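Fold and contact review
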Amino acid sequence: MIPATDMATILEWAEQHQVTVTLVGDHRQLQAIGPSGLFRQFHQTRPGTELVENLRQQTDAGRECASFLRDGDPEQALHVLAQTGQLVVAASQTEAEHVLVRSWAERAAQADDPLDRLHTTGLESDRNDQVDVLNSLARREARARGWLRGEDVTYRDRGRTLSLAVGDQIVVTKNLAPRGQTPLLNGTRAVVTALDEGTVTLAYRDGESTASAHLSAQQVMRHSRLGYAMTTHKFQGQTVNSLVIDVGPDRDLSSAYVAFTRHRQDVLAVVNLADIVDGEQATALMAAGPDARREAVIALAAERMATRGFAETETAHAVQGATLPLRPVAPRLSLAT
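What comes next is a walk through the structure.

Parameters and conventions
- Residues numbered from 1 in each chain as written.
- Predicted model: local features only at pLDDT ≥ 70, side-chain atom pairs only at ≥ 80, totals over all residues.
- Heavy atoms only, no water.
- Helix = DSSP H or I, 4+ residues; strand = E, 2+ residues; numbered from the N terminus.
- Rg over C-alpha atoms; globule rule 2.2 N^0.38 Å.
- Buried < 20%, exposed > 50% of the residue type's maximum accessible area, 1.4 Å probe, protein only.
- Contact = heavy atoms within 4.5 Å.
- Areas by Shrake-Rupley, 256 points an atom, 1.4 Å probe, with all protein chains shown as cover.
- Lys, Arg positive; Asp, Glu negative; His and termini not counted.
- Charge placed at Lys NZ, Arg CZ, Asp CG, Glu CD.
- Pairing = 2+ DSSP bridges.
- Axes fitted to C-alpha atoms, helices over the stretch in contact; angles between N-to-C directions.
- Expected span 1.5 Å × (residues − 1).
- Arc of directions from axis to C-beta.
- Core = buried A, V, L, I, M, F, W, Y, C linked by side-chain atoms within 4.5 Å.
- Phe/Tyr/Trp six-rings, centres within 6.5 Å; stacked < 30°, edge-to-face > 60°.
- Lys NZ or Arg CZ within 6 Å of the ring centre and 35° of its normal.

Looking only at helices and strands, the chain has 14 helices and twelve strands in total. Against the globule reference of 20 Å for 337 residues, the chain gives a C-alpha radius of gyration of 22 Å, in line with a compact fold. Residues counted as buried form 44% of the 337 residues belonging to the chain. A sequence separation of at least 24 residues applies to 68% of the contacts in the chain between residues at least 6 apart. Accessible area of the chain: about 17,300 Å², with a carbon and sulfur share of 48%. Each charge class in the chain can be summarised by its mean position, and for the 34 positive and 42 negative side chains these summaries are 4 Å apart.

On to the pairing of strand β4 (residues 160-166). Relative to β4, strand β3 (residues 149-157) runs antiparallel, the two being bridged by six bridges. The residue of β4 that forms the bridge with Tyr155 is Leu162.

Before going further, it helps to examine the sheet that holds strand β1 (residues 87-90). Pairing is parallel in the open sheet, where five strands are placed in the order β1-β12-β11-β2-β10. Edge strands, defined here as strands with exactly one partner in the open sheet, are β1 and β10 (229-231). Direction aside, neighbouring strands of the sheet carry axes that sit 25° apart on average.

At Gln18, a position not held by glycine, the phi torsion is positive, near 55°. Gln18 gets classed as exposed once you look at its relative accessible area, which sits at 76%. The phi dihedral of Arg158 is positive, around 50°, even though this residue is not glycine. Here Arg158 lies in the loop between β3 and β4.

The next point concerns the sheet that holds strand β7 (residues 199-206). One open sheet holds the five strands; their spatial order is β8-β7-β6-β5-β9, and the pairing between them is antiparallel. Single-partner strands in this sheet number two, and they are β8 (209-216) and β9 (224-226). Each adjacent strand pair in this sheet contributes to an overall mean axis angle of 40°, direction not counted. Both strand β5 (residues 169-172) and strand β6 (residues 189-195) contribute to a ladder of three bridges, which runs antiparallel. What sits directly across from Ile170, in β6, is Ala190.

Glancing now at helix α7 (residues 128-144). The end-to-end C-alpha separation of α7 is 24 Å, in line with the 24 Å expected for 17 residues at 1.5 Å each. Within α7 the residues assigned to the buried category are Gln130, Val131, Leu134, Asn135, Ala138, Arg139 and Ala142. Taken end-on, α7 shows its buried residues confined to a sector of 165°, consistent with a single buried face. Away from its buried face, by an angle of more than 90 degrees, α7 presents the exposed residues Asp129, Arg140 and Ala144. Looking one or two places after α7, you find Gly146, whose phi comes out positive at around 80°.

Counting 42 residues, the largest nonpolar core has Trp104, Leu123, Leu164, Leu184, Val200 and Leu202 as its most contacted members. The dominant element in this core, judged by the number of residues it contributes, is helix α5 (residues 93-108), at seven residues. Discounting residues that sit within four places of it in the chain, Leu123 has contacts with Leu100, Trp104, Leu134, Ala138, Tyr228, Ala229, Met230, Phe235, Leu243 and Val244. Grouped together as the second largest cluster of nonpolar side chains are 34 residues, Leu69, Met230, Leu273 and Leu300 included.

With the rule as written, the count across this model stands at two aromatic pairs. Taken together, a centroid distance of 5.9 Å and an interplanar angle of 85° make the contact between Trp104 and Trp147 edge-to-face. Of this pair, Trp104 sits in helix α5 while Trp147 sits in the loop between α7 and β3, placing them 43 residues apart in sequence. On the numbers, 5.8 Å between centres and 85° between planes, the contact of Trp104 with Tyr228 is edge-to-face. Taken as a pair, Trp104 in helix α5 and Tyr228 in the loop between β9 and β10 lie far apart in primary sequence, 124 residues in all. Trp104 sits in the buried class, given a relative accessible area of 1%. Residue classification places Tyr228 among the buried positions, given a relative accessible area of 2%. Arg28 extends its terminal NZ or CZ atom over the ring of Phe310, reaching a point 4.3 Å from the ring centre.

Next up, the structure:
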């Protein structure tokens, strides 16, 4: 996901200091936000070690779904989920949001420790506006279940308002280096453990251990958001035991491939029928039996994903028809990591 501009900076520094750079990634997943890097071209012209054994998904259905999506076959991937009871078709946005939040909460409730709830369960959408809605609903559910303690403290900055309580989940949205503390990386998920008008104290996992951080109210307002639900981009690179996914109307194959490979054991896909069809077609599907409705929605959702394809931003090399020089092909290895 690294942009070409950052890649250039790193490679220039590495050359000056005679440092070897190893690139790790998957060109089928989401691309950089900004000028695209050259990872796909590197992969094609300078192959290295390739991981071919899926060790993250721990169920046959999870591995099958991931394989179909990476091969560009979303219909078969969604069928695998439907056959194992891991796909739900909702009739409206309201119903979809209810199913998403209820399903997330049921899974999160299996953990007693707040950090375990945070790191073993996820709620995901590829749309920022939908993530905001899901965060609001999930926070309400967390309050109802007693996961939030004490009164809310409300913060305001630049016209934005955020209410937090002990037990809230947040995600950091920018690399932060609080003075005298260990830096917090963009994407860090944390639980609020204490707060007052000027400071928010967080607990988060740093490897196998638990760490804490103290952020100013301004840092929290400007560089974090509620973290019950997260976007696909924020989830890329993370792993949870269970993940509940809002499929939405706009997924391409890269977004779907990332979303459906973040879990180890359990995934639930929720498709809102109203995201896929409207008018007479929606009326006809609502009148159909549940099996026929599900089959039709799977076909329509898969067609949308396939049409959008994998996100592959063109680079200057591609536009100019230039190719990177070939290097000897490294052996294809199966590694356990």
